[in-house]
Each structure stands twice: as structure tokens, then as C-alpha cells.
Amino acid sequence: MEAWFSLLVSIFFTVAVYLLLSKFIIRVLLGVAILGNAVNLLIFTGGRLTRAVPPVIAEDADVLTGPAANALPQALILTAIVISFSFFAFLLVLAWRAYDELATDNTDEMRVAEPVNEPAPPLGY
Amino acid sequence: MKSIILRTVAPFLTGLMILFSIFVLLRGHNAPGGGFIGGLIAVSALAIYGIAHGVETVRRAIFFHPMAIAGAGLFAATVAGLISIVVRVPFMTGLWIYPSVLGVEIPLSTVMLFDTGVYLVVIGAISSVALSLEERGGA
Amino acid sequence: MDTAALTFLALGLPFAAAAFAPVLTRLLGQYAAWLLALAPLAIFARFAAFVPEIANGEIVTGGYAWVPSFNVSFSWLIDGLSLTFVLLISGIGALIVLYSGGYLKGHPQQGRFFSFILMFMGSMQGLVVSDSFLMLFVFWELTSITSFLLIGFDHGREAARRAALQALVVTGGGGLLLLAGLLILWNVSGVTQFSLLLSFGSELKESPFYLAALLLVLGGAFTKSAQFPFHFWLPNAMEAPTPVSAYLHSATMVKAGVYLLMRLNPVLGGTPEWQVLLPLFGVTTLVAGAVLAVRQTELKLMLAYTTMSSLGLLVMLTGLGVPYAIEAAALYLVAHALFKGALFMVAGIIDHETGLRDITRLGGLRSAMPLTFAVALAAALSMGGLPPSFGFLAKEEIYAALAGSDRRSMVFVALTVLGNALMFAVAFAIALKPFLGPKAATLKPVHEAPLLLWLGPAILALKGISIALMSGLAHRLVTSPMASAIAGEPRTVAISLAPHFGVPLLLSGLTVLAGIAFYINLARLRAAVAAILADIGWGPNRGFDQFMRGLVGLAVAVTRRLQSGRFEVYMTATFVLVAVAMLAVPLRYGEFPRAPFFSSDVPLHELAIMAIAVAGLLAVVLATDRLTAIVSLGIQGFAVAVIFLLYGAPDLAFTQFMIETLSVVVLALVMTRLRLSPSDHRPLAQKLPDFAIALACGLGFGLFLLKVTGVPFDTTLTDFFNLYSKSIAHGANVVNVIIVDFRGTDTLGEIAVVMIAGLAILALVRLRAGSLKRGVPMEVAADEAHVEERV
């Protein structure tokens, strides 16, 4: 089972990185969204896979016994999903604002913070 | 959105979803659910309502500014952590009381307050984003 | 109140006074000086109370724990050496505060000046009484910083700014060397206090780290005490107002390096390295400083270069390791502080009253300023080493030490005589030339200086004579304990106005004769030195500029290379590094996972979901229109949600469903407004390398995951949560219990992040809405105009 998941995770990473490497900001954004899923799946698989039994303790028991899914990676991933969405939304709005101001989606032309041929700092005192 | 079906169904759907989100929040400690999921369901409800009836209607309906709701949530979560100071145990230690109302024992805890805080933050922050984007989209 | 608390208060007093100085000055003008001078006076009184105890050979230590876990304390050590320094610092400090009251009368920033100089006083005083290494370092750097503020006090002028920065770079850099040296001492000895270090002398000298520690400590001391070739910042520091030059750059701060050498002499001294390096640098500095002093015609610069000479002399004496040398160093240090402080203040008076400080343009002031003339003469006697001054005693002791050294040090003797003779000439050039001769034209009508100005130098000059007359008392109370502390064993200073007869007196006479000859031929000598210097044409001072320019140039070049400003380059570099990190380690160590086993008993629906996810991914990459891209993104997200559901994570599945729905909605809302195609318009040749990098990253993570899942799983944490989630935290849903209870603080941070992201998005959206409708705030408007200009 893990082999299939490793393959899936590597496809997720390949696609995410490929999109992140393109110059166009929309594709970069899509890459960010996919990268989040890639990392979540990586953590999820790393915590081992158990089919169908959620980590919920039965009514009449005090301790979770028997085979059940690993709860810890789930807790980590759950908050990660929400946070990566927040960041995704932030980047999306940032991209939209940048497009409005600069009228381009090509990151090569977004040079406000680091302009081309920036003058050297003053050398005097 | 012009669809008459959606406009008719939306208020009921939204109400049901918000009720469901509270249910999910409260049962979260013992069954799948919790603040994050509950909050997201509520946000979806508000988003549907916004699509059907316009953002202004939603803003009027929730009365508070979404960020104010989020702030209140963060405050509640922090307070839930700080209550433990009163009984001199470390920050964020979960505390439980079992008051009996009409013969039914109701477990209350700082953990529940904390989860409610999470719920409110998620509702506030994400619906604020969704609403402001919908608003711009409509303009 | 116990004595420790009182000492602690005395150490803090200057900083408290510094805090009140601006207010007091606003209320009282220059008369605030009288009040503020009470602070150093109180300190003087406090430490003067230690004199009898210390004179009996006792050592006072005290302090408080500072960082107990690192064995760092705020503790002081008061012995003959530090006591002499504290008395000089507070005594001269009080006089300098008064003098500044007159010198900067009516200056709009006088309050700030008082504040700086008192802060400096506190730092310097803390430096010399520090017992703990760290405390010494902190105060050492504080003196560098306050000196920076004081030199740059007149920050409107570029020369002042440059001098301030130069002093900070040189002395601050030296401070870092010192810190490294002290850390080595700490490491080797295991103690952090000078008072405890004394017993580790032999251990340190045998340590293989001795030379490293010595060089680092010397680096700190030589930069602070302006030893050649680090001397250049000192003359430039004369850009500071004269009280600063008199106080920091002659009497106190520049002596911090000498102080450190003296403090460490019993521990590090006595080795061949110590006895070669110190005299060598010292005598070079002595001669270089004296020669450069002759070259100058400006009063303050002449004094500055002779200060450099004197510091060289002190360093040489500290390292010489012959009888009388330590005693001579102690005597000369006290004498120098008195006469150089006085002479600087005299130079300031002349400058203040005439508006001139070029010695060739001054003359005939004796009738207008008789008192100043007398003070200058008395101080010059001491500087020239003539009786009946304290400088005379010091000089006799120096020659006694040199005469007692072996033949190999003949060069040192000759060079010391030369340096002293030149200093003699400069001393009398300063004390006589402006006052004798015909009256020269001045910028304003000349009259005697006011009380606040002449009081300080007069007291110092008088002191220089009186302690020579009462040398027995001075030796018993001050110089003998000081020499004992430097030597690390009891020493008695015995020199009086009756000199050492024989060779020392002969050398002394020779110095005076040569000095008189130099004085008479000063103009010719100056021209000759100027010609030589012009021939050389380069000095460390210009070197400093070249160094700073080079540093900035290097920083610019490195920054341009590392930060090209192109997003693509950053991303490529990042992911190439990721790929290398993920693949290089298994390649290097052969840690590849076993060949993957694609089990065939996987249910069909699971494989189908995976296939759907992959299809969604490919569709995102290949999409040519917006809607396809958005929907495909949704497809892979929902597929992931289903995978979560299938593998026992309903919480994750629900969250993922909701988030993917919202993502699609939000993306659609924004994308419809960006008239952009999501497809990649680049030629294939550009896409291929990107794809190769992406594939390498994907492969790396895949192999990593295979390897991770191939080893046995450590269930410690999971077992913990499964065991205690209900019994302790009263929750059956382990995932939720972890989120809101076991790792609640973490979640609190995470919801704060969500909230902040929400606020940021709102701000971004609002900014746009505002700029269209209601007009924009000033800086935003300017910013936008700027952006448009660039575009």
C-alpha cells in the first residue's frame, strides 16, 4: 500500500514544484495549493495507513485499543489544511492586487521591491 | 445570483447548516467534528447565503463585523487558556465542571470554550475573506 | 545600607544623572553643571573611602548574580589598579562636567552632551571595576558606543560623522576580539572573574591556546589604546568637543586598553611573547606618535598624537618585565591623566577665547590670559618631565627601568629618549608659543576664561605639582597599591624629587637637552616630517576609507549576485537545493529504500480515487482556460479528501471538503477578474529544465517516503494519546483532544495565524477599494505614483 502512496505523493510534489517554477503568478498559486496537499499526504502516509477505523474511543472503553488510524498526524494535518487555505487566500489576493497595480502576471516584470539596476548605496559618511 | 430556487432555499439551507455546524462543534470532542470543521461549515453557509442574497444581506444578518467575531474567538481561546492561572496550574490545562441543570449533568470545560474560540476565529476570518471577495466580484 | 549596595549605587549613579541631565539643563542652563558634577564627586567620595583599606594591601570584591546558570555575575573587584582608575575617572569627570558647563554655554544641545558624558563616565567606571569578564566586555563596548555618540556630537559635519564611525568600527571591532580572547580564558581556566583568574596564571601560559588568547586580548587593547597601526582613529576623534577630547581621548577611555593589559599582566604577562609584543608595539607607537605630533600645528591634534605616544610608552612599560618598569607605568599613568587633561582643557580655553587653535597663528596671549598661561606652564612641566612635577618622578622611574634592562634593549632606550624629547618639545610648544611673542590677531577680543573653564585645568595642574611634593603620601596611598596590583605581588614605589643618580639621570638630562634642541628647530623639523609623510602618501587613515569602500562594494556585489530580483531564480535555487538535499544523502550513503512493492490487493475504488487525483493534477498543468484549471484543482482536492475518509480520518476529510469548496469559490471570484490564461506560454526549452527539477524533487520525496515507511513505526506518542485522551482529557475523539487540549497552545498560535491572514487580506482588499472611491492616504498615493513611474 505504501508504495502506491509514495508514487502518488511524488506525483503531487512533481506537479506542485513544476507549477511553482513557472513564471506566471496564477500557475504559482495553483502550485502552492497543490503543494499543501502534497505535504499533507506525505505526513499522513508517514504516520502509517490504517483503513477505515477513525481514532475514536468507544463509548464503553477508556483507552483506544485495537487497530485504529494514527491520530497525531491527523491533528497536525487538520490545522495545516486551515492554515494553508488562509495563506492561499492571502497569496491569491496579493496576486490580484499586484496584477491590478502592475498589469502583468509575469514575475519577471514584478520588480518594485528589487528594481533592475538598483543604484549602489552611498559610499560617503 | 438570479436563480429563484436558490434564493428561496438559501435561508433555510443556511439556517440548517449553521445549526449543523454548532452540532458538529459540540460533539467534536467525542466524535468526528470540532471547531475547525464546524467553523468551515458555517462559513460555507454564509457564503451560500451571500451568493443568493448579496453580501450586504449577510453582513446585516450576522450583525457583527466578521473580524470582530474572529477577534472575540481568539480572545475566548486565550481566556480559556488563562483560566488555569486561577487554580494555579500551567497555562492551557483543561478544567472541567459538571453543573446539573434540570437533573441533567452537563459537562462544561475550558477545552470547550477553547474549541468555541477556534470555531469563531475560523468563521470570522474566513467569512471575512469570502465576503469581501464576493463583494468585489459583484461590483 | 551595606557597603555592597552603596558601591552598586555608585556604579549606577552616572546613568541616573545622565537621565536627568537634559531636564536640569533646560531648567538651569550651564549652571546645571554644578549640580551634575555632584554625581562624580559622590562617586569620588565613595571610592576614596576605600583608599586606606586598599593601601593596606587588601582587595575588595562584591556583586550580585546576573545569569547564575552561566556562572555570570555582576561583580566588582577593587584593588590598587581599579581604585586609581576610578578616582581618576570620577575626579577628572567632575572637573570635565564643570568645564563643559562653560565650554558649551548656551549650546542648544548642552543637555544631551551632559547626558552622553555622564553615560560614558558610568561605562568607564564600570569597565575598570568589573570583576566578571562579561561585565567588562559590556562596559567596554558601552564606552565605544558613548564615545561614538560624543565624537559625532556635532553630527552636522561630515568629518565628525566619519570620525565617530571610524572610532566605533576600530574600537568596537577590537571589543569583539577581546570577547573572543576572554572566552578562551574562560574556557581554559573555567572561571569568569579576574579575581579568581590570578591563580590560573601558569596553567594559562602552558595552555596551547595561550598565544591565541594573548593575540585576541592584545587586539582589543591595542585598538582601544590607539597603538600603531590602529592609532588613526584617535586624532580623528578630535572632531569631538574639547571636553570630550580631554576626558575620553586622553585621560580615560584610551587608557582602557592599557588598563586591560595591566589587569592581565599577572596572569598572561612574563612570557617571551608578552615581553616582545608589548614593548615592540609600544615603542613603535611612542616614536610614531611623537613624530606625527611634531608635524601638526593645531593644538588639539598635537596633543592627540602625544597622547598616542604616551599610550605607547605605557604599553611598553607594562610589557618590559624589568625592575621599576611597573612602578614607572603606574606613575606615568597618573601623571599623564593629570597633565594631558589639563593641557587639553587649556587648548579648549584658547580655542574658546580666541577662536583659533593653530599654533602658528597664535601669540602674545600671556598678558590677556595670565592664569591660563600659568596652568599651561605647570602642566607642560609635568609633560616635559621637569621638576618639581609628578611627570618628573615618572620620567626618572622610566629611565631607571630602562637603565636596568639588558643590553639588547639599547634600541628601546634610544627610541624612548627620542620620543620623550619630541614630546618635551611639543609640550613646551603648546605651553609657550600661544602665550609668548608678539600679539597675534585673533577672531574676537581676548580676555581671561571664566571660572567654569579654568577651574578644572587649574586643579589638575596644581595636583600634578602637589602630589610630586608630597610623593611619600601619594605613593603609599595610590601608586604603590596600583603597582602591586599590576605586578601581582607587593611593590613599593619610593621615587621622590630626589632622582635616581647615575645612568637614569644622564638619560633624563639627554632628553631635556634634545627636547630643547627640537623646540628651537620645531619649524624645520615640522617641514621635514611633512615632506616625508607626503612622500609616503598613504596611511591607515586613508586605508580605513578604502576598507570601508571595499566592504560596501563587496556587500553590493554579493547582494546583487544572491538577490537577482528575479522570482524564477529564487524558486529554481530553492528547489534545486531541495532536490539535492533529498537525493544526495541517499546517493552518498547508499541509503535507498528497498524496491517498492506495488501490492495488487488494493481495492479498485482506492486505485480509482488515486487515478482521479492524478488526472486532476495533470489537468491543472495542461489547462488552457481558467475554468478547467479551477475545476481540476477542485478535483484533486476532493480526491485527497476521499483518501482521508478511506483511511480513517473523517475529521480531515470533512475539513478538506470544506476547504476545497471554499478554495474553488475564492479562486473563481478572483480569477474571473484577472484576464489571464493559466497556461504556460513559454517555449519547451524553458519548460524542460523546470520539469527536470520538479521530477527530481518528486522523486526525492517519493524515495524518502518509501524509506520512512520501510522502517518500523515508533508508536510511543500515538500510544500516549490513545491512552490518556479519555482518562485525562475526557474526550473520545483523539484527534480533537490533541488539537484543543494536548497541543492547545499550538492551536492557539495557529488560529492567531488564521486571524492575521484574514486581517491582511482584508487590508489588501480595502486598500484597493479605498484608493478607487474615497481617495487614498498620502503615503499610499505616493507609493502608487512611484509604482506607476517604475512601470
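Each remark here, short or long, concerns the structure printed above.
Note that the structure is predicted; figures quoted are calculated from it, not measured.

## Some words on the overall build of chain C
So, point 1. In terms of helices and strands, chain C carries 34 helices and two strands.
So, point 2. In terms of C-alpha radius of gyration, chain C reaches 37 Å, well past the compact-globule figure of 28 Å for 791 residues.
So, point 3. Each principal axis of the C-alpha atoms in chain C carries an extent, and together these give about 110 × 60 × 55 Å.
So, point 4. Residues counted as buried form 56% of the 791 residues belonging to chain C.
So, point 5. Looking at chain C alone, contacts between residues at least 24 apart form 78% of all its contacts between residues at least 6 apart.

## Topic: helix H3 (residues 71-102) of chain A
In an α-helix, one turn spans 3.6 residues; hence positions three or four apart end up facing the same way.
All names here are of chain A.
So, point 1. In this model, H3 (32 residues) spans 46 Å end to end at C-alpha, consistent with the 46 Å of a helix rising 1.5 Å per residue.
So, point 2. Taken across its 32 residues, H3 has 23 buried, putting it largely inside the fold.
So, point 3. Two to three positions downstream of the cap, the backbone nitrogen of leucine 72 sits 3.3 Å from a side-chain oxygen, assigning the N-cap of H3 to asparagine 70.

## A look at the interface of chain A and chain B
So, point 1. Taken together, the eight residues of chain A in the interface contact eight residues of chain B.
So, point 2. Between the two partners, chain A and chain B, sit zero salt bridges.
So, point 3. Our enumeration of links across chain A and chain B arrives at zero residue pairs in polar contact (both at pLDDT 80 or more).
So, point 4. Here the residues of the side of chain A that touches chain B sort into seven nonpolar, one polar and no charged.

## Description of the packing of helix H7 (residues 133-151) of chain C against helix H13 (residues 242-251) of chain C
Residue and element names in this part refer to chain C.
So, point 1. In contact at an axis separation of 11 Å, H7 and H13 are set at 155° when each is read in the N-to-C sense. By the criterion of interaxial angle, the relationship of H7 to H13 is roughly antiparallel. The interaxial crossing formed by H7 with H13 has left-handed handedness. The segment H7 lies against H13, with Ser147, Leu150 and Ile151 engaging Val244, Leu248 and His249.

## As for the packing of aromatic side chains
So, point 1. If you walk through the whole model with that rule in mind, you get 28 aromatic pairs over all chains.
So, point 2. Relative to tyrosine 98 of chain B, the ring of tryptophan 96 of chain B lies with its centre 6.5 Å away and its plane at 20°, an arrangement referred to as stacked.
So, point 3. Relative accessible area serves as the criterion here: at 40%, tyrosine 98 of chain B is assigned to the partly exposed category.
So, point 4. Considering the side-chain rings of phenylalanine 85 of chain C and tyrosine 259 of chain C, the 5.2 Å spacing of their centres and the 75° angle between planes classify their relative orientation as edge-to-face. Here phenylalanine 85 of chain C, found in helix H5 (residues 80-103), pairs with tyrosine 259 of chain C, found in helix H14 (residues 255-268); they are 174 residues apart in sequence, far enough to count as distant.
So, point 5. A relative accessible area of 2% means that phenylalanine 85 of chain C is categorised as buried.
So, point 6. For tyrosine 259 of chain C, a relative accessible area of 1% translates into the label buried.
So, point 7. A connected cluster of aromatic rings, assembled from ring pairs, spans Phe8, Tyr64, Trp66, Phe74, Trp76 and Phe139 of chain C.

## Here we look at the pairing of strand E2 (residues 72-78) of chain C
Residues and elements named next belong to chain C.
So, point 1. When you tally the buried positions in E2, you get seven out of seven residues, the bulk of the element.
So, point 2. Side chains of E2 alternate between two faces, with Val72, Phe74, Trp76 and Ile78 and Ser73, Ser75 and Leu77 buried alike.
So, point 3. In this structure, strand E1 (residues 60-67) lies alongside E2, joined through seven bridges in antiparallel fashion. Bridged to tyrosine 64 within E2 is phenylalanine 74.

## Things to note about the interface of chain A and chain C
Think of interface size as the accessible area that goes away when the parts come together; that is how it is often given.
So, point 1. In this assembly, 94 residues from chain A lie in contact with 118 residues from chain C.
So, point 2. Summing both partners gives a buried area of about 9800 Å² for chain A against chain C, and 74% of it is carried by carbon and sulfur.
So, point 3. The largest share of the area that chain A buries against chain C comes from Tyr18, Leu21 and Tyr125 of chain A, three residues that together contribute 10% of it.
So, point 4. Linking chain A with chain C are three salt bridges.
So, point 5. Of the charged contacts in the structure, one is a salt bridge between lysine 23 of chain A and glutamate 568 of chain C, with a shortest N-O distance of 3.8 Å.
So, point 6. The set of elements that each furnish at least two residues to the side of chain A that touches chain C consists of helix H1 (2-20), helix H2 (25-46) and H3 of chain A.
So, point 7. Here the element with the most residues in the side of chain A that touches chain C is H3 of chain A; it accounts for 26 residues.
So, point 8. Here the residues of the side of chain A that touches chain C sort into 64 nonpolar, 15 polar and 15 charged.

## Overview of the pattern of salt bridges
So, point 1. For the coordinates displayed, the defined rule picks out 15 salt bridges over all chains.
So, point 2. With a shortest N-O distance of 2.6 Å, arginine 743 of chain C and aspartate 746 of chain C are connected by a salt bridge.
So, point 3. Given the relative accessible area of 34%, arginine 743 of chain C is considered partly exposed.
So, point 4. Salt bridges linked by common partners bring Lys23 and Asp108 of chain A together with Arg566 and Glu568 of chain C together as one network.

## Thoughts on a nonpolar patch on the surface
Residues and elements named next belong to chain C.
So, point 1. On the surface, Val23, Leu27, Leu28, Tyr31, Trp34, Leu35, Leu38, Leu41, Phe44 and Leu451 cluster together into a nonpolar patch covering about 970 Å² of accessible area.
So, point 2. Elements represented by at least two residues in the nonpolar patch include exactly helix H1 (3-28), helix H2 (32-36) and helix H3 (38-48).
So, point 3. Position of tryptophan 34 among the secondary structure elements: in helix H2.

## Looking at unusual backbone geometry
So, point 1. Geometrically, the link from phenylalanine 228 of chain C to proline 229 of chain C is a cis peptide bond, its omega value of 5° lying close to zero.
So, point 2. Mapped onto the elements of the fold, proline 229 of chain C is located in the loop between helix H11 (210-224) and helix H12 (233-236).
So, point 3. Along the chain, proline 387 of chain C connects to proline 388 of chain C via a cis peptide bond; the corresponding omega equals 5°.
So, point 4. Mapped onto the secondary structure, proline 388 of chain C falls in the loop between helix H18 (370-384) and helix H19 (390-404).
So, point 5. The residue arginine 88 of chain B is not glycine, and still its phi comes out positive at about 55°.
So, point 6. Following the sequence through the fold, arginine 88 of chain B ends up in the loop between helix H4 (66-86) and strand E1 (96-97).
So, point 7. Assessed through its relative accessible area of 79%, arginine 88 of chain B is described here as exposed.
So, point 8. If you check the backbone angles, tyrosine 324 of chain C has positive phi at about 75° while not being a glycine.
So, point 9. Relative to the elements of secondary structure, tyrosine 324 of chain C occurs in the loop between helix H16 (299-320) and helix H17 (325-354).

Rules used in this analysis
Residues numbered from 1 in each chain as written. Chains lettered and ligands numbered in written order. Predicted model: local features only at pLDDT ≥ 70, side-chain atom pairs only at ≥ 80, totals over all residues. Heavy atoms only, no water. Helix = DSSP H or I, 4+ residues; strand = E, 2+ residues; numbered from the N terminus. Rg over C-alpha atoms; globule rule 2.2 N^0.38 Å. Buried < 20%, exposed > 50% of the residue type's maximum accessible area, 1.4 Å probe, protein only. Contact = heavy atoms within 4.5 Å. Expected span 1.5 Å × (residues − 1). Polar contact = N/O pair within 3.5 Å; in protein donor to acceptor, adjacent residues only side chain to side chain. Salt bridge = Lys/Arg side-chain N within 4 Å of Asp/Glu carboxyl O. Nonpolar A, V, L, I, M, F, W, Y, C, P; charged D, E, K, R; others polar. Axes fitted to C-alpha atoms, helices over the stretch in contact; angles between N-to-C directions. Parallel < 35°, antiparallel > 145°, perpendicular 65-115°, else oblique. Left-handed = near helix turned anticlockwise from the far one by under 90°. Phe/Tyr/Trp six-rings, centres within 6.5 Å; stacked < 30°, edge-to-face > 60°. Pairing = 2+ DSSP bridges. Buried area = accessible area lost by both parts, 1.4 Å probe. Patch = residues over 30% accessible without salt bridge, like charges linked within 9 Å, V, L, I, M, F, W, Y side chains within 5 Å. Areas by Shrake-Rupley, 256 points an atom, 1.4 Å probe, with all protein chains shown as cover.

Nothing here speaks to function; it is geometry throughout.
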